[in-house]
Each structure stands twice: as C-alpha cells, then as structure tokens.
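Summary of structural features
Chain by chain, the residues:
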Amino acid sequence: MVGGFYLSGDSGDSGDSGDSGDSGDSGDSGDSGGAGRMGSSARALILARDGVVGHWGGANTRVKNYKPGPGTIDLWDMRFRLLAMEGELLAGFDYLEGGGADPTKHSLALMHYDRAAKSESTLLTLTRPGETQFYEQLDLVASYAALRGERAAEITNQARSFTRYFASVLYLSETRHQKTFEVIWLALNVTRIIEMRIKQGLACKRPADYSPQIQPMLAAPGHASLPSGHATEAFVIAFLLDALRRRVGATGKQTNTIEKANPVFQQLMLHAERIAVNRTVAGLHFPVDSAAGMVLAYVLSNVFIRRFTGVGATNSVWFNGTAFAGDFFYNEVLDFLIPPPPAAMPGEPGGAAAAAPAPKDAIATGDAIEIAGKSDLLNELWKQALQEWA
C-alpha cells in the first residue's frame, strides 16, 4: 500500500516487497551525485545507444496508433490502470450534509448521479449517534479489551491489510487471480475516498476521547471514527468476492441475489465481522462504527457491481445512529439490508412510495432506486476476473 492506497501486491503477502520496490524508485530519483542506480543506468544506456545507433535514418515503418476502446487499458502498468478506473468508478458520487447545529440530528447523505437518466438519487443517509449512544457503547469497548492478548497477532496483522483472510476462504492466489485482486484493489481505493469524506462529515470521536482508561493497543488513526474504515473495506471485499463467486454478470447470471445461507458467503461475512470487531477489541472503534461501515459497504458494493456489470440495483438505505443499541453482528445488520420484493406500482395493491423510517429504526431500506449502469471500461476488468473463476 502506497500513500494509503492499494497497488499491486498490497493486499496480499507479496505487498511488502511491492512497497519496498516503490521506495527503491525514490532512491533512484535521488541520484544528485551520480552514484545512484538510475544515474549509472542512464549513462550506460547513453553509451550503448551511441555505440550501436549510427546515423539517424528516420522511421522505417508506419506505426498506427492504438485503437480506442476499453481494451487499451491492458497496455498500461497496473498503477495507472487503477488510477484511470478509479476515476470511472468514483464518478457520480456526491454528498449532502444536514441536521444544522443540533449534533443529535446531524446527518450526511451519500448521493449518486445517473448521467443517462439525468437524475440524482440518495443511496444512503447516515445520522450520527448521540452522546448517549457513544457513552453506552463505551462499556462494550472496555469489555472487549479482555481479548487483546488473544487477538493481538490478528489485530496487528490486519492493521495494514486483510485481503489474505478472504483469499484463504476461496483459495485465491495473486498469480492465478490477478484480475480478481485488481478488482478488489480498485474497489478499496474508491471506498477509502468515500468513507473518508463521510467520516469528515459526521465528525465522530474515538473511544479513547471518552475515557483515558481505553488506552488503545495501536496508535489511533488521524481521522474520525464513524464509519469504521476496516469494517467498510472488509465487507466491500466480502460482497464483491461473493459476487464473483456467483459469476454475476456472466452469461445467464443477470441477477445479483445474495445467498445468505451459502457457507462460502457466511465465511466471507464472518471474516469481515471479525476484522471489524478486532478494531473494537483494539480500542479504536465503537460497535456502532462497524455497523455503519457494513451498511456503507453493502450500498457501495451494489453500486460497484452495477457499474462493473450492469446487473442488479440498490435501495435507499437509512442508518439512524441515534437508535442503534448493543453490539455489532453481521447477520443482524444483513437482515435489515436485504431488500424486500419490488414494491407494486402506484395504484396496484400494496403500491406505496418509499418513506423514511421512523426514528426507532436503526437500519431501514426503501424502494429500489435508479443508479448508473454498466461502464465498458470497468466491465472489461470484471470479465477478465470472471475468467479466473471458470
């Protein structure tokens, strides 16, 4: 991971060597005295060219430029492919803050603009928990500290990356599943940008701000608490890998229906849940942070899958932090998130417009909403990833 973003190898065991390669590049560029590798290599190449080129004779062939289209992205180095596709996947997202000066009502809405339909829809509205919720949650954070010794190895390992935990469920390898990992790194980079903007907007303090006895086992990150970034990113990975496992977007697979009872899906969810809970064990997050992160991940993964494949939809979701109570369990949150059957059309039996949930509801979903469809550029990567799952 470089500068907080994922590049080739960052999410797996080989990521550390990838990072050291990057620092090697910066060492080369620092060759002010002519003793570095880049300087000596450049001089050697100059001498070699002078020795073989001879007199300039101009171009001896007619070179045609690349044919425009999504396939040209494969001619680029991975880091630049990711940058181009991040711009594509991030397009359309917007944010709307509300609640005014009353901290118990402060909220932030994640919006998405559909260029084809020329309309903007609200994907998710998050309302910040009140002080009462945070103080009640503090008891849970304190009790989880008893697990620090038992889970220390996991927690410290997951502080950097955790894709390998999901790879162990599906027997994934970075050499055999290169495009699958590229899908994950791309989604994680975009997810981090969105989650950080939401963290900034909701401005929630961390557990250690509420009590000097929390004393986290890791240095607290330099940003706000809710939603938990680890929870958001872990569940995004889980939802996307499950979609690839189900071959969403392949011929004959034109639906995105989660199979809650599938044992592979359950293992992916349990790993994501444990990664999220470990951040509470470490003293860095409240359980409500993890619940909000899973909700955000569910919404984002639906949008990502739609952009990758043109398949599926998402529903408006509300997360009311002032109504959240107790601990975080993925299955409880998922029971709220799996959308109901499509609502009947107005005038038909059961037909009614979606309404915001009552304040007592911590998590609620509305009707399906319009979001942008398939991107040819993103679909090219997804199709290549699906080939690795044949």
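Report on the accompanying structure. Since we're looking at a predicted model, the values are computed, not measured.

Considering the packing of helix H3 (residues 78-90) against helix H13 (residues 376-387)
- Axis separation between H3 and H13 bottoms out at 9 Å; the angle between their running directions is 115 degrees. Here H3 and H13 pass one another in a crossing that is left-handed. Along its contact with H3, which presents Ala-84, Met-85, Glu-88 and Leu-89, the element H13 presents Leu-377, Leu-378 and Leu-381.
- Grouping the amino acids of the contact of H3 with H13 by side-chain chemistry returns 6 nonpolar, no polar and 1 charged.

Things to note about the pairing of strand E3 (residues 119-127)
- In this structure, strand E2 (residues 107-114) lies alongside E3, joined through 8 bridges in antiparallel fashion. Considered in E3, the bridge of Leu-108 is made with Leu-126.
- Hairpin connection of E2 to E3: 4 residues between the antiparallel strands, including Lys-118 at a positive phi of 55 degrees.
- The pairing of E3 with strand E4 (residues 314-320) spans 4 bridges and is parallel. Paired with Thr-125 across the two strands is Trp-318, which belongs to E4.

A look at the packing of aromatic side chains
- Using the criterion set out here, one finds 11 aromatic pairs in the structure.
- Between Phe-239 and Phe-265 the ring centres are 6.5 Å apart and the planes differ by 40 degrees, which places this aromatic pair in the tilted class. With Phe-239 in helix H9 (residues 229-245) and Phe-265 in helix H10 (residues 263-281), this residue pair connects regions lying 26 residues apart in the sequence.
- On the basis of relative accessibility, which here comes to 3%, the residue Phe-239 falls in the buried class.
- Centre to centre, the rings of Phe-239 and Tyr-298 are 5.7 Å apart; their planes meet at 70 degrees, and the pair counts as edge-to-face. Here Phe-239, found in helix H9, pairs with Tyr-298, found in helix H11 (residues 287-309); they are 59 residues apart in sequence, far enough to count as distant.
- Looking at Tyr-298, the relative accessible area reads 4%, which means it is buried.

Topic: unusual backbone geometry
- Residues Leu-226 and Pro-227 are joined by a peptide bond in cis, for which omega reads 0 degrees.
- In this fold, Pro-227 is placed in the loop between helix H8 (207-210) and H9.
- Located in the positive-phi region is Arg-247, a residue other than glycine, with phi close to 60 degrees.
- Assignment of secondary structure puts Arg-247 in the loop between H9 and H10.

Describing the environment of Gln-254
- Within the element layout of this structure, Gln-254 appears in the loop between H9 and H10.
- Placed 58 residues apart in sequence, Gln-254 and Gly-312 show a C-alpha to C-alpha distance of 7.6 Å.
- For Gln-254, the side chain forms a polar contact with the main-chain oxygen of Ala-250, separated by 3.0 Å.

Thoughts on the nonpolar core
- Grouped together as the largest cluster of nonpolar side chains are 94 residues, with contacts concentrated most on Phe-166, Leu-241 and Phe-304.
- Counting residues per element, this core draws most heavily on H11, which supplies 14 residues.
- Other than its neighbours up to four places away in sequence, Phe-166 contacts Ala-234, Ile-237, Ala-238, Leu-241, Leu-268, His-271, Ala-272 and Ile-275.

Overview of the pattern of salt bridges
- Scanning all chains against the criterion turns up 10 salt bridges.
- Salt-bridge contacts for Glu-97 lead to Arg-197; the nearest nitrogen and oxygen are separated by 3.1 Å. Taken together, the residues Glu-97 in strand E1 (residues 93-98) and Arg-197 in helix H7 (residues 178-202) connect sequence positions 100 residues apart.
- Between Arg-246 and Asp-242 there is a salt bridge; the shortest N-O distance is 2.8 Å.
- Among the residues examined, Arg-246 registers a relative accessible area of 10% and is labelled buried.
- Residue classification places Asp-242 among the buried positions, given a relative accessible area of 1%.

Criteria and thresholds
Residues numbered from 1 in each chain as written. Predicted model: local features only at pLDDT ≥ 70, side-chain atom pairs only at ≥ 80, totals over all residues. Heavy atoms only, no water. Axes fitted to C-alpha atoms, helices over the stretch in contact; angles between N-to-C directions. Helix = DSSP H or I, 4+ residues; strand = E, 2+ residues; numbered from the N terminus. Left-handed = near helix turned anticlockwise from the far one by under 90°. Contact = heavy atoms within 4.5 Å. Nonpolar A, V, L, I, M, F, W, Y, C, P; charged D, E, K, R; others polar. Pairing = 2+ DSSP bridges. Phe/Tyr/Trp six-rings, centres within 6.5 Å; stacked < 30°, edge-to-face > 60°. Buried < 20%, exposed > 50% of the residue type's maximum accessible area, 1.4 Å probe, protein only. Polar contact = N/O pair within 3.5 Å; in protein donor to acceptor, adjacent residues only side chain to side chain. Core = buried A, V, L, I, M, F, W, Y, C linked by side-chain atoms within 4.5 Å. Salt bridge = Lys/Arg side-chain N within 4 Å of Asp/Glu carboxyl O.

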